[in-house]
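Structural overview
This is what each chain is made of:
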Amino acid sequence: MKHLSEDDLLDLAAGLESEADPHLDSCAACAARLQSLREEQEELRGLFAEEAELPSGFSERIGATVAAAVSVPVPQTSRSARMKRLALASVVLLTAGACTWYAMVPPDPESPPTAQLPAGASLDSTAIPIVVAGTLIDNTLGGGQPTGYQLVDGSGHVIINSIFGQPSTKTLEFGGLPRIAHIPALRLPADADATWSEGPGNERYGTFVENRFVSARSQPLSTFSIDVDRAAYANTRRYLEDGLLPPADAVRIEELLNYFSYQDPAPAADAEHPLSIHVESASCPWQEGQRIVRIALKGKEMEQDSRPGSNLVFLIDVSGSMGSQNKLPLVQKALKLLVNKLDERDSISMIVYAGAAGQVLETTSGEDKETIHAAIGALSAGGSTNGGQGIELAYRVARENFVEGGINRVILCTDGDFNVGVSDIGALTRMVEEKAQSGVFLSLLGFGTGNLNDALLESLSNRGNGMYAYIDSFKEAAKVFSRELLGSLWTIAKDVKLQIEFNPAFVGAYRLIGYENRMLAAEDFKDDTVDAGDLGVGHSVCALYQIAPPGEALDDLVDTLKYSDLPALPADPSPELLTVKLRYKAPDSDTSQLLEVAHIDTLASLDEASEDLQFNTAVAAFGLILRGSRYAGSATMAGAIELGDSARSYDPGGDREAFVALARRARELLEARGAHEVGAPEPRE
């Protein structure tokens, strides 16, 4: 049978009349070819529609225009197939051009899309999500700083990240096409629940407002849980090394401080308590007349040969989002480093999860490294992410193999992109908090870029009696998995809480630098049912307070009380600046023990302080500047570099030297953005 020519098929596909129409009833091959041509044309016409949400009815209008264009009578002259294809392509391009022109025309100025305020939002609140024309916009800064919003499309991808201070008309982007939106500068009430903000790609960070100065006379107690997480430093480093300034909410200063090792002496082997407290004070380098107080804890050093046996359950995210080289392949290399540290005292199980969860390695002795390495090497990525289901199964396996008096731990490796099953942060954290009561703790290791759900991973670590680290390279994997992780897993003190009492005779106001997500009420200190952070073998934890002397005028302090007077200061006050109280529980106990240390300020300058305190202030200044903190004072990145460089005679692993190089990189990026060298950087796009 003779088939239709290409000219005839193109005529039919374009809707032009053709005498060959009846032939299709008897020729399946021509009919199939015609259908293929029509589908190609529909695909071409539909390409533009994927780029933006078009106004209601607009697609129908364009369709009618296309139909009218292709049905215009054409002179019956000879036409080559190439000419017909060019004509059809012209129609499609003209159509797409018309769509783009239409989409770029601003909406009617008399009725622009306006921000829809959630219930309870007001113009004097900070960091609250708003919606413009049906699209989520999330405020990312607060505490008096310029308000920032991010425009997110329906798939959760950030389209634009813009910062501005006053209610204004702002050009934003919807699907890459400009739109005009009137957006109020919102602020979140101080007692509102924390939300999350988005970073580049689809990364999520928990929002928080920096700790403020507090009057020592009206509120002499400051109470918080320790935090052994280090993720924020490695994540900040990843941004800077990629040539980007990190989102403010990604910079948690306590995690920057606790990334490094310090020289604080550990308790003696026969000491009554497994941790020691060290306090030191010196002049504040970024605020003249104020003081910096360093409070450091050091866990007891113990030989690895004496550690108890472990029951480790590796919970591995093998969903599609883990396919890139800095995710699952890096997880595999890192896990092998840890396995090489294990022996016959240890048992290993492995759970994977994507659309569903399953056990890929039955409980295996740590001595059988060949079997464990083979199971790790067989992992591959694909599917969606049912993380909640994986966590349930991992805890069940851990309980089945529970080691009394040993290390029982689920180690979760993921980018945190939980998108099916239990994915709500609140539901997941409640589940993990409940599971932690069984004696099985949770360690979280975040990997990769683009989908990192830092907000979720930090929240889970806070509630799961574990630690959270971010792995941005094989070098960091070696540090965490080979040098540190077994110490982290081997808990020597749990639910560690600090309460500092300030002497108002010498302290007018104080501010805890960092730990915003770890603050506790004063009454939580003695309440042994309140959860707090855990300390591992040989670990260091430190915190910095900035202290203003009595009588210094601070805008943050409360006004004079109207109905009651503050108690009068004693005529002969104690010489102590403050007292540090610490409560902790032994790993197998539910009753806390108390340690107490008082500190007298010798009024030493920073030059006279220990290298640890000097290095701490360098790291804190680095963090304050990157956060755009209102409390950065006269801090400069140049000053942080100089101070950090002079305080690294003790530098295991070269981490302090690497910090100085990173601070230099941060300075270059800030200068490239035109930020002021003195104080915090200007708001950044």
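That block above? That's the structure.
Conventions and cut-offs
- Residues numbered from 1 in each chain as written.
- Predicted model: local features only at pLDDT ≥ 70, side-chain atom pairs only at ≥ 80, totals over all residues.
- Heavy atoms only, no water.
- Helix = DSSP H or I, 4+ residues; strand = E, 2+ residues; numbered from the N terminus.
- Buried < 20%, exposed > 50% of the residue type's maximum accessible area, 1.4 Å probe, protein only.
- Contact = heavy atoms within 4.5 Å.
- Areas by Shrake-Rupley, 256 points an atom, 1.4 Å probe, with all protein chains shown as cover.
- 1 Å grid on protein atoms, 1.4 Å probe; cavity = no way out; pocket = protein on both sides within 12 Å on 5 of 7 lines; lining within 4 Å.
- Points joined across faces, edges and corners; volume = space filled by probe spheres on them.
- Nonpolar A, V, L, I, M, F, W, Y, C, P; charged D, E, K, R; others polar.
- Core = buried A, V, L, I, M, F, W, Y, C linked by side-chain atoms within 4.5 Å.
- Pairing = 2+ DSSP bridges.
- Phe/Tyr/Trp six-rings, centres within 6.5 Å; stacked < 30°, edge-to-face > 60°.
- Lys NZ or Arg CZ within 6 Å of the ring centre and 35° of its normal.
- Polar contact = N/O pair within 3.5 Å; in protein donor to acceptor, adjacent residues only side chain to side chain.
- Patch = residues over 30% accessible without salt bridge, like charges linked within 9 Å, V, L, I, M, F, W, Y side chains within 5 Å.
- Salt bridge = Lys/Arg side-chain N within 4 Å of Asp/Glu carboxyl O.
- Lys, Arg positive; Asp, Glu negative; His and termini not counted.
- Charge placed at Lys NZ, Arg CZ, Asp CG, Glu CD.

1. Focus on the overall build of the protein chain
- When helices and strands are counted, the protein chain shows 15 helices and 26 strands.
- A burial count over the protein chain gives 52% of its 685 residues as buried.
- Sequence separation of at least 24 residues holds for 74% of the intrachain contacts in the protein chain that already meet a minimum separation of 6.
- Per element, the accessible surface of the protein chain, about 29800 Å² overall, is 51% carbon and sulfur.

2. Quick word on helix α14 (residues 637-645)
- Among the residues of α14, Met-637, Ala-640, Ile-641, Leu-643 and Gly-644 are the ones counted as buried.
- Lining the buried residues of α14 we find α13 (611-627) and α15 (655-672).

3. Quick notes on the layout of surface pockets
- Quantified by volume, the second largest pocket comes out at close to 690 Å³.
- Put simply, the parts of the chain that give the lining of the second largest pocket at least two residues each are β18 (407-414), α10 (425-436) and β21 (491-502).
- Among the elements that take part in the lining of the second largest pocket, β21 stands out by supplying 4 residues, more than any other.
- A breakdown of the residues in the lining of the second largest pocket according to their chemical character gives 11 nonpolar, 10 polar and 10 charged.

4. Topic: the environment of Tyr-515
- Looking at the element boundaries, Tyr-515 is found in the loop between β22 (509-513) and β23 (533-536).
- Between the alpha carbons of Tyr-515 and Glu-255 there is a distance of 8.6 Å; along the sequence they are 260 residues apart.

5. A word on the nonpolar core
- By size, the foremost hydrophobic cluster in this structure holds 68 residues, and its most contacted members are Phe-314, Ile-316, Phe-481 and Tyr-545.
- Apart from residues no more than four positions distant in its own chain, Ile-316 is found in contact with Leu-328, Val-331, Leu-335, Met-350, Ile-351, Val-352, Tyr-353, Leu-379 and Cys-413.
- Grouped together as the second largest cluster of nonpolar side chains are 45 residues, Ala-232, Tyr-233, Cys-284 and Leu-626 included.

6. Comments concerning the sheet that holds β22
- Spatially, β11-β22-β24-β14-β13 is the arrangement adopted by the 5 strands of the open sheet, whose pairing is antiparallel. Edge positions in the sheet fall to β11 (214-215) and β13 (275-283), since each has one partner strand and no second.
- Two elements, β22 and strand β24 (residues 540-548), share 5 bridges in a ladder whose sense is antiparallel. Bridge pairing in β24 places Ile-513 opposite Leu-544.

7. Side note on the packing of aromatic side chains
- In total, this model carries 13 aromatic pairs according to the counting rule given.
- Between Phe-213 and Tyr-631 the ring centres are 5.8 Å apart and the planes differ by 70 degrees, which places this aromatic pair in the edge-to-face class. Pair noted here: Phe-213 is in the loop between β10 (204-206) and β11 and Tyr-631 is in the loop between α13 and α14, with a separation of 418 residues, a long-range link.
- For Tyr-631, a relative accessible area of 7% gives the class buried.
- Over the ring of Phe-402 we find Arg-399; its NZ or CZ atom is 4.5 Å from the centre of that ring.
- For the cation-ring pair, Lys-479 lies above Tyr-259, with the distance from its terminal atom to the ring centre recorded as 4.0 Å.

8. Digging into the side chain of Asn-311
- As for its position among the elements, Asn-311 is in strand β15 (residues 310-317).
- A polar contact of 3.1 Å, which involves the side chain of Asn-311, links it to the side chain of Asn-408.
- The residues contacting Asn-311, other than those within four sequence positions of it, are Ser-347, Ala-398, Asn-401, Phe-402, Val-403, Ile-407, Asn-408 and Arg-409.

9. A closer look at a negative patch on the surface
- A grouping of Glu-344, Glu-367, Asp-368 and Glu-370 is seen on the molecular surface, where their side chains present a negatively charged patch.
- Within the secondary structure, Glu-367 is located in the loop between β17 (357-365) and α8 (369-377).

10. Some points on the side chain of Asp-601
- One can find Asp-601 in the loop between β26 (593-599) and α13.
- For Asp-601, the side chain forms a polar contact with the side chain of Arg-291, separated by 2.9 Å.
- A polar atom in the side chain of Asp-601 sits 3.0 Å from the backbone nitrogen of Leu-603.
- Among residues more than four places away in sequence, those in contact with Asp-601 are Ser-281, Arg-291 and Leu-577.

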